[in-house]
Amino acid sequence: MSYTFQEIEKKWQAFWKEHNTYRVTETTDKKKYYILDMFPYPSGAGLHVGHPLGYIASDIFARYKKHQGFNVLHPMGYDSFGLPAEQYAIQTGQHPAITTENNIARYREQLDKIGFCYDWEREVRTSSPEYYQWTQWIFTTIYRAWFNLETQKTEHIDTLIQHFENNGNFNVQAACDEKWHQSLLELKDNEGQPLYFFGTDWNGDFTATDWQSMNEEQRYHLLMCFRLTYLADSMVNWCPALGTVLANDEIKDGVSERGGHPVVQKKMRQWSMRISAFSERLLLGLDQIDWPENIKEIQRNWIGKSEGATAFFDLSQHPGQIEVFTTRPDTIFGVSYLTLAPEHPLVSYITTADQKDAVEQYVQQAALKNERDRQVQSKEMTGVFTGAFAIHPLTGKEVPIYIGDYVLAGYGTGAVMAVPAGDQRDWDFAKHHNIPIVLIFENHDASESACTSKEVPLVNSDFLNGLCGKAAFNSAVESLEKIEHGNKKVNYRLRDAVFSRQRYWGEPFPVYFKDGKAQMIGDQELPVTLPDVDKYLPTEDGEPPLARSQWKYQNDFVMEYNTMPGWAGSSWYFLRYMDPKNTQAIASKEAMNYWGQVDLYMGGAEHATGHLLYSRFWTMTLHDLEYVPFGEPFQKMINQGMILGRSSFVYRIKDTNTFVSADLRKEYTTQRLYADISIVDNDQLDTEAFKKWLPEYHNAEFILNEKGQYLCGFEVEKMSKSKYNVQTPDELIEKFGADTLRCYEMFLGPVEQSKPWDTKGINGVHNFLRRLNRLFQTDEGQWMVTQDAPNKKSLQTLHRTIKKVTDDLNRHSWNTVVSTLMIAVNEWTEQKCHQKEVLESLVVLLSPYAPHLAEELWNKLGHQDSVTLAHWPEAIAAYLEDDVFSYPVSFNGKTRFNIDLDANMDAASVEKEVMAHEKTAHYLEGKAPKKVIVVPKRIINIVC
RNA sequence: GCCCUGGUGGUGGAAUCGGUAGACACGCAGGACUUAAAAUCCUGUGACCAUUGCGGUCGUGCGGGUUCAAGUCCCGCCCGGGGUACCA
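All figures in this text were calculated on a predicted structure; none of them were measured in a lab.

A. The arrangement of the side chain of Arg 742 in detail. Along the chain, Arg 742 falls in helix H23 (residues 738–747). For Arg 742, a relative accessible area of 0% puts it in the buried group. Only 3.0 Å separates the side chain of Arg 742 from the backbone oxygen of Gly 115, close enough to count as a polar contact. Within the structure, Arg 742 has its side chain in polar contact with the backbone oxygen of Pro 848 (distance 2.8 Å).

Structural data, given as structure tokens:
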């Protein structure tokens, strides 16, 4: 039979469904393998050919591992909370749950057509209450936890309370905001009096007695400073257009990642996750996992560890100090001024009367600029003198204090000690403001630029003179410590993650408020399900949409009206697949112990600073609390590249409805317009179809080139509806079949690489499957497979192919497997090989890539069971080597001819044979060989 | 700027440990079959020179180096892609 892929694929997809072929259980003594794709957000647009790239690769690998005897967990689900469904709801009033349901149905239909081996009984949806019940449970679990910096481990909040009971906060290092105690002092009780009995100069220490004398409210606020998820007033990224806050990783280039709307800084009371506590753990963990180096590097940069010191500069005219963070304490003798961020709390306190106007004006200006503006501004170092001075801790000299917006309030202490000789920004600022530069580096006059090398010996630096590098660093810190004006300090760039969103379509918080204090709703009462609302917009007074529901806990208490961010549900979904229907826990201990870490995670690199960091954080916390048996979720990860679209363009002559072929467009003034790629073939436009495509082109006229063709221009760019360059898998499956699509997507190149989508080569891959089919049966339907013993050549082809395919899959080289199978099929076709012994193994090798065709052929070979149960063939060594090896003979590195010799001949005999060869004398040109190199089964090189 | 990647024919790519560069496929050219087209099959296809045949020279972004041998290792550049930034 000719290759009737449409029939075959339908038939086997039905078979798999009926027989539950891909069901997975834990009740087996097989070794496990967990391979996971990043689950999709089910968007209304459906899948384009780029989406399944990673899914196909992981599906192939999952099938391969099954053939090898592993028990493979290869699940799929949906990250189904999200903005688009909500925005659609705002426009149309349709409940996001319905939109989501429809989109999922469409996704499922598309996924099924590609022939994946998912166990759909394990499907998860982040928006289903059975799932988000556990997202809520994790939230409360993290709320009931603190982080012990000494042990670097999460602990239950009770152990912290125990500490406080016994010793106050002495001898305990709990992760918290550095200014935690200051924020407590701002709190007032019902009568407007300070809530706490500590004075304004309280340094944060409290005793067991202090703790014991605190009331419930005081303890609540104090503990909130240490919980791993906490409610606090914090500066957040507010996106007015979206009406919600955004996490740092949801902002790209200063605008929202979704929609590209402006983002401003705003102070709001929000839930946050104390991910900053895990900075060091997240950093160290990277060494334990097998991820692409660039992703690790992105995470390292995002965590942004810098080792340095803090130093305290006493104020000259006032009591108090300015704390600065520096990575170069060794340059401290080069300090010629300090710079504060305009938002620094001391600014108004220290500014002198005659500088007041200038400073206030500058602060106001800076406040108007958002972070993006500050970046875009020229590199000019703006700033203003405050009129105040500080005392250099080591020299005792006065240094002026400036403010400048090149200092960021959110990093370090919001204040820097400026060393113009050693820091380029400080140098620029000093030049701009005519501040004298203290020279502290040997042979460096600072007239051109700062000297940023750490290895230049210091001068003018008192006891540091002559030192450099680590020695100078340590010596400077030591002397600061001695006078209690500084200490070693490690700083991280990683900020806590804001966890509240002012949206409807997300997980509701299991939280209500009693006397203004947040209370967790008990585990037994979960899930807290989303209430219905009349509109999906914020209320008139700016509360989140959930406030419209008038939602109350026990009819009495105000609920939390924010919802959780998109990353909440995706931070633990890999755990739920292990035991998706469990009603008692996120997943059973047994299931988690059995499946363990994800062995291979496929997905896009764009989640490096979001999902991939948050999932690690949650897994670590849950591991510390002994809910999860491992601390890193994803052992190995491969990032598939993006498949780009190839857009086609037509050129309309200005102010007409006449279109000119791309090769002639230079002669006219034209406007470039997109043309749908479905009416363009090989850059040639189907002009009739174009007229029918959009009403406005109905009367279009064309200027064709000499060949009578209308040629389109093209560009490679992201696939999107508005560019009319979206290629859906459905069309290709219709035309060539899912097996061809699967093979072709792999054949395109290494999965990690980004590449433009191009259907040009798909015929070649389709022909390969047809040729393969023809080894089994003629196009007329005559079955060709015989029981005869195959000849040696066919067996050699087979075993070499087994070896190469196996090796290639093991090193995740999906693309070369297709080539290898093509070569094998070409060879067998030439050999006229139709022996069952050979072809049966071929079917198994083929089955990960083209499962439908493989099932069909396997069945026709007489098997009742699915081919997925077949064992992976093993290569027999005897067939891998030829008896004869064709040695390339080179002279001075240039290959001249080949000589066939016994493959097992030793080097000395090979040399003898070569020297005796007639051509050797010719290439020696009478010279004597200086050296003859023989590498057995590789090469012969004669040096002369 | 810094960090991470990558750069191979007309195109996608292969070359896994330093050992015949360009596998496999597309495209293109020529041919067979056909009224014709599609499909299928055959031949050729890195560039240049030579061509009756044998062959020769160059060639993996550029310039050096190590080596009997370099796409692969080392040094210095150039260009593309991604990340990140007044981060003190």
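B. Molecular detail of the pairing of strand S34 (residues 931–935). Residues Val 932 and Val 934 point to one face of S34 and are all buried, whereas Lys 931, Ile 933 and Val 935, pointing to the other face, are not buried. As paired strands, S34 and strand S35 (residues 939–943) are joined by five bridges and run antiparallel to one another. Bridge assignment links Ile 933 to a residue of S35, and that residue is Asn 941. Here S34 hands over to S35 after three residues, with Lys 937 in that stretch at a positive phi of 60 degrees.

C. Seen up close, the packing of aromatic side chains. All told, the structure shown has 70 aromatic pairs when counted by the stated rule. With centroids separated by 3.7 Å and ring planes inclined at 5 degrees, the aromatic side chains of Phe 39 and Tyr 573 adopt a geometry described as stacked. On the criterion of sequence distance, the pair formed by Phe 39 in the loop between strand S1 (32–37) and helix H2 (52–67) and Tyr 573 in helix H18 (residues 573–576) is long-range, its members being 534 residues apart. Assessed through its relative accessible area of 9%, Phe 39 is described here as buried. Geometrically, the ring pair formed by Trp 567 and Trp 618 is edge-to-face, given 6.1 Å between the ring centres and 65 degrees between the ring planes. Of this pair, Trp 567 sits in helix H17 (residues 567–570) while Trp 618 is found in helix H20 (residues 611–624), placing the two residues 51 residues apart along the sequence. Each of the two residues, Trp 567 as well as Trp 618, counts as buried. Clustering of aromatic rings is evident, with ring pairs tying together Phe 164, Trp 180, Tyr 196, Phe 197, Phe 198, Trp 202, Phe 206, Trp 211 and Phe 226.

D. Molecular detail of the protein's contact with RNA strand B. Lining the immediate surroundings of RNA strand B are 53 residues, of which Thr 327, Tyr 411, Arg 425, Leu 748 and Lys 804 lie closest. Taking all atoms of RNA strand B within 4 Å of the protein, the share assigned to sugar and phosphate is 60%. Within the backbone of Thr 327, an N or O atom sits 2.4 Å from a sugar or linking oxygen of RNA strand B. Element by element, the count of residues in the surface near RNA strand B is highest for helix H26 (residues 814–831), at six residues. For the surface near RNA strand B, the per-class residue count stands at 20 nonpolar, 17 polar and 16 charged.

Rules behind the numbers
- Residues numbered from 1 in each chain as written.
- Chains lettered and ligands numbered in written order.
- Predicted model: local features only at pLDDT ≥ 70, side-chain atom pairs only at ≥ 80, totals over all residues.
- Heavy atoms only, no water.
- Helix = DSSP H or I, 4+ residues; strand = E, 2+ residues; numbered from the N terminus.
- Buried < 20%, exposed > 50% of the residue type's maximum accessible area, 1.4 Å probe, protein only.
- Polar contact = N/O pair within 3.5 Å; in protein donor to acceptor, adjacent residues only side chain to side chain.
- Pairing = 2+ DSSP bridges.
- Phe/Tyr/Trp six-rings, centres within 6.5 Å; stacked < 30°, edge-to-face > 60°.
- Near = heavy atom within 4 Å.
- Nonpolar A, V, L, I, M, F, W, Y, C, P; charged D, E, K, R; others polar.

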